[in-house]
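Here is how the chains run, residue by residue.
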Amino acid sequence: MKRVHLVISGDVVGVGYRAWALRQAQDLRLSGWIKNRDNKTVELVAEGEKQALEKFIDFCKKGPDLAWVEHIEVKWLPVSGEFMDFAVVY
């Protein structure tokens, strides 16, 4: 099990990115959260199997059809096991 922290920049706020990422994370059986930040980036923390997290990162690099991803900051961290599911945080 691994944990990853992502900060996604580009045109990713207000284009359905969070809802899309939620579905992707659920399909991959990941836990964690995603939220919009005040600086118009999206931040997320996800935990799960490393292979599923790597696939999720690849998905996040593209995003949904209406999004334009400019950059993703990726940080691998120790797993905490604190999450039961994946959720959108407001």
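First, a word on what this report is: a plain description of the structure on this page. (Residues numbered from 1 in each chain as written. Predicted model: local features only at pLDDT ≥ 70, side-chain atom pairs only at ≥ 80, totals over all residues. Heavy atoms only, no water.)

1. Focus on the pairing of strand E1 (residues 2-11)
- Bridge analysis of E1 against strand E3 (residues 42-48) gives seven bridges, and the strand direction is antiparallel. Residue Val4 lies in a different strand from E3, and its bridge partner there is Ala46.
- Pairing of E1 with strand E4 (residues 68-77), which is carried by nine bridges, proceeds in the antiparallel orientation. Within E4, the residue paired with Leu6 across the bridge is Val74. (Pairing = 2+ DSSP bridges. Helix = DSSP H or I, 4+ residues; strand = E, 2+ residues; numbered from the N terminus.)

2. A few points about unusual backbone geometry
- The phi angle at Arg29 is positive, at roughly 60°, despite the residue not being glycine.
- The topology assignment puts Arg29 in the loop between helix H1 (17-27) and strand E2 (31-36).
- The phi dihedral of Lys40 falls on the positive side, at around 65°, and the residue is not glycine.
- Topologically, Lys40 is positioned in the loop between E2 and E3.

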